[in-house]
Amino acid sequence: MTELSIQNGDPRKVWARLGDVPAALYLLVILFVGLSVASPYFLTQANLINIVLQASVVLIISLGMTLIIITEGIDLSLGPVLSFAGVVFGAALVAGWSFPVAMIAGIVAAMLIGGLNGYLIAYHDLQPFIVTLGTFGLAMSFAMSISGGESISGLPSGVQWFNDGHILGLPFPIWATAALFLLTHILLKHTRFGRYVYAIGGNRKALQLAGVRVNLWQTSIYVYAAALAGFASFIMTARTNAAHPTVGMGLEFDAIAAAVLGGASFSGGKGTLFGAAAGALAVATLRNGLNLMNVAAEWQSAAVGVVIIAAVAGDAIRGRT
Amino acid sequence: MTNPSVPLIELRGATKKYGGVKAIDNVNFTVYPGEVHALCGDNAAGKSTLIKCLAGAVKRDTGDILINGKSVQIQSPRDAKRHGIETVYQDLALADNLNVAANLFLGREVMRSGFARIFINHGFMEDEAATVLKRLKIRLPSVRQKVHNMSGGQRQCVAIARAVYFNAQLIILDEPTAALGVKETEMVFDLVREMRDQGHTVIMISHNLNHVFDLCDRVTVMKTGVRAGTLKVREATQDDVVKLIMAGGRDFDQSRDALHSAPDLAGCA
């Protein structure tokens, strides 16, 4: 019987291994070294905590986005879903609902949109890009109509704890982000849910022929991603102590950027949560660095855009060799 | 205990239409326990539709399926699996981005026990995968290796091992060597030989008559949606089969009595 073993010393293999390290990690290292030298303020505890705080909301959304991208999908609606969940949460609190009930209401609102996304994509085989473009508008209109287009303020003071609260010296958003990262990691690596996330991206048909209810699992992935965005909306609401119907604007793109910097591929089957987290942190670090370097705010988006394109181009070149 | 004179699986009068075209038309097809049964025929002869009916991947319009003489309902891949029919498709079998063990257990993940039963039992599945590969004499670097990095022959062997592991009564191979080189093909056929020696029942679509005559007990030839005939390989020549493929035949079935002479049965009579 033939055996085709892979030689360990093969230089192409080593090069391929390097290619497995996501661009986000290289970027983070470069930024850390560069900014440590350039600014005495960068490596202070306060600044580092600030970076993680800035990254937290995008990081939480990018976890769900990564799962979806692994399945060869995309979810453009997660930004408006966050707005919608936040507005429901805020309106519920103003209406006098208790905290837990208002939180559940916000997350359920998000999950409904996620369920609609998943249902249309999985059961009706519609393109994720188109479906979530549609629900993008839907969620945005829901948020607008519930809030009357205005910020919902006058929230109970307890809300701020989601942003300012400290546990063991670290702010709540950092704990929440870490906990959701861990939860998603365990789901992805140690449950059927995660196994099928990868299998849907790797070979959906094979999974179907293996007798798995693929449509149901695929739908649940969109529901989970929406629930994460719903949770992130509490942190976002706490930041300004008000629920604003457009607060999630553009967050879906930051989350996609984080996932892609982290090595997720739009052709499906590939992506890691560590990569996405590194991607979200890299973007936040880059923005932080540009602030420290006094780069004008209007050019920061351009810098982030250039870095994303450069990173993906780098990946493509390494992938080709 | 299966009785070798009762067909393991029997398809009676199966018809499947796509639009106005009959992909298979009133086909009878019988497989006995322990045989390796080849399915031959030109393109569009109906071979794939036939096995897809058995695998539940296609809903036939008419016809019955009997397993061990009893009528069964097979309307979906889940149904087929429940009845012990495992199918290895040409190119749809594996998720490239998962490792060998994960592919072997795809859709049938083994979970931990007790409170931890929502978690996948990686260790158990890896051990079991290594065991079944060893039993089938399939040699792979590691069950943790992603399928993506493996050769075509290795991948096909993993796909087949998956069917074997779950104690399939019947294993259907859809052109298992279609895209493989000579060496790789040999690797897959070694595996089929090993399966035959271990008493598995196999249906194999093949275009290569040398392989059919080397490996199989009987061969069924399809021609434009109908069965041209079923031959015992030991009593036929390659020319006989070629004639059936080219010219068709009158839907005959050489039964299996002489195939595996069964001395213990003679004593019973």
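Residues numbered from 1 in each chain as written. Chains lettered and ligands numbered in written order. Predicted model: local features only at pLDDT ≥ 70, side-chain atom pairs only at ≥ 80, totals over all residues. Heavy atoms only, no water.

Enquirer: Help me out: how do you make sense of the overall build of chain A in this one?
Expert: The number of helices and strands found in chain A is 13 helices and 2 strands. Taking 20 Å as the expected radius of gyration for a compact globule of 321 residues, we find that chain A reaches 20 Å, a close match to that expectation. Its C-alpha atoms put chain A at 70 × 55 × 35 Å along the principal axes. Burial status across chain A gives 51% buried among its 321 residues. (Helix = DSSP H or I, 4+ residues; strand = E, 2+ residues; numbered from the N terminus. Rg over C-alpha atoms; globule rule 2.2 N^0.38 Å. Buried < 20%, exposed > 50% of the residue type's maximum accessible area, 1.4 Å probe, protein only.)

Enquirer: Would you take a moment to explain the side chain of B:Glu126 for this structure?
Expert: Structurally, the position occupied by B:Glu126 is in helix α4 (residues 122-135). In contact with B:Glu126, not counting residues within four places along its chain, are B:Ala101, B:Val143 and B:Arg144. (Contact = heavy atoms within 4.5 Å.)

Enquirer: Help me understand the interface of chain A and chain B, please; the structure alone is not making it clear to me.
Expert: It is common to report an interface's size as the accessible area lost on association of the parts. Contact residues are listed per partner, giving 27 residues for chain A and 35 residues for chain B. Summed over both sides, the interface of chain A with chain B buries roughly 2700 Å², with 58% coming from carbon and sulfur. Run the count over chain A and chain B and you get 1 salt bridge. In this structure, B:Glu109 and A:Arg192 form a salt bridge, with 3.5 Å as the shortest nitrogen-oxygen distance. Our count for the chain A to chain B interface comes out at 9 residue pairs in polar contact (both at pLDDT 80 or more). Ranked by residues supplied to the side of chain A that touches chain B, first place goes to helix α9 (residues 192-209) of chain A with 12 residues. (Buried area = accessible area lost by both parts, 1.4 Å probe. Salt bridge = Lys/Arg side-chain N within 4 Å of Asp/Glu carboxyl O. Polar contact = N/O pair within 3.5 Å; in protein donor to acceptor, adjacent residues only side chain to side chain.)

Enquirer: What's the story with the packing of helix α3 (residues 45-70) of chain A against helix α11 (residues 251-261) of chain A in this structure? I'm lost.
Expert: Axes are the key here: two packed helices are described by the angle between their axes and the distance separating the axes. Residue and element names in this part refer to chain A. Where α3 contacts α11, the axes come no closer than 8 Å and their chain directions differ by 65 degrees. One element, α3, and the other, α11, form an angle in the roughly perpendicular class. Remark: the crossing between α3 and α11 carries right-handed chirality. Contact with α3, carried on its side by Val57, Val58, Ile61, Ser62, Met65, Thr66 and Ile69, involves Leu251, Glu252, Asp254, Ala255, Ile256, Ala258 and Ala259 of α11 and no other residues of that element. (Axes fitted to C-alpha atoms, helices over the stretch in contact; angles between N-to-C directions. Parallel < 35°, antiparallel > 145°, perpendicular 65-115°, else oblique. Left-handed = near helix turned anticlockwise from the far one by under 90°.)

Enquirer: Before we go on, may I ask you to explain the packing of helix α8 (residues 172-190) of chain A against α9(A) in this structure?
Expert: All names here are of chain A. Where α8 contacts α9, the axes come no closer than 5 Å and their chain directions differ by 70 degrees. Judged by the inter-axis angle, α8 sits roughly perpendicular to α9. Residues Leu187, Leu188 and Lys189 of α8 touch α9, and the partners they reach there are Phe193, Gly194, Arg195, Val197 and Tyr198. For the contact of α8 with α9, the class distribution of residues is 5 nonpolar, 1 polar and 2 charged. (Nonpolar A, V, L, I, M, F, W, Y, C, P; charged D, E, K, R; others polar.)

Enquirer: Would you take a moment to explain the sheet that holds strand β9 (residues 218-223) of chain B for this structure?
Expert: Strand pairing within a sheet occurs via backbone hydrogen bonds; the two strands may be parallel or antiparallel. All names here are of chain B. Reading across the sheet, the 7 strands line up as β6-β7-β8-β3-β9-β10-β11 and stay open at both edges, with mixed pairing between neighbours. The sheet is open, and its two borders are formed by β6 (85-88) and β11 (252-253), each paired with just one other strand. Where strand β7 (residues 170-173) and strand β8 (residues 201-205) come together, 4 bridges link them in parallel fashion. Looking at β8, one finds that Ile171 is bridged to Val202. Set on the sheet, helix α5 (residues 152-165) makes contact with β6 and β7; between it and β6 the angle comes to about 175 degrees. On the sheet, helix α6 (residues 182-197) packs against β3 (36-41), β7 and β8 and is oriented at approximately 150 degrees with respect to β8. (Pairing = 2+ DSSP bridges.)

Enquirer: When you look at the confidence of the model for chain B in this model, what are you seeing that I'm missing?
Expert: It should be kept in mind that the predicted coordinates are not to be read in detail where pLDDT is low. Counting all residues, the mean pLDDT for chain B is 86, and 93% of those residues have values of 70 or more. Contacts for the low-pLDDT stretch residues 257-269 of chain B, under 50 throughout, to residues beyond four places or in other chains number 12 contacts. (pLDDT = per-residue confidence, 0-100.)

Enquirer: Sorry if this is basic, but what is going on with the packing of aromatic side chains here?
Expert: Geometrically, a pair of aromatic rings is defined through the distance of the ring centres and the angle of the planes. Residues and elements named next belong to chain A. The full count for this structure, using the stated rule, is 18 aromatic pairs over all chains. Plain terms: the ring middles of Phe89 and Phe234 are 4.5 Å apart, the flat faces sit at 50 degrees to each other, and that makes the pair tilted. Taken together, the residues span a long stretch of sequence, with Phe89 in helix α4 (residues 78-94) and Phe234 in helix α10 (residues 214-240) at a distance of 145 residues. Classification of Phe89 as buried rests on a relative accessible area of 0%. Taking 5.1 Å as the distance between ring centres and 80 degrees as the angle between the ring planes, the aromatic pair formed by Tyr196 and Trp217 counts as edge-to-face. Of this pair, Tyr196 sits in helix α9 while Trp217 sits in helix α10, placing them 21 residues apart in sequence. (Phe/Tyr/Trp six-rings, centres within 6.5 Å; stacked < 30°, edge-to-face > 60°.)

Enquirer: When you look at unusual backbone geometry in this model, what are you seeing that I'm missing?
Expert: Trans peptide bonds make up most of the peptide bonds, and negative phi angles are found at most residues other than glycine. All names here are of chain B. The phi dihedral of Lys137 is positive, around 60 degrees, even though this residue is not glycine. Positive phi, normally seen in glycine, also occurs at Glu175, with a value near 45 degrees. Inspection of the secondary structure assignment puts Glu175 in the loop between β7 and α6.

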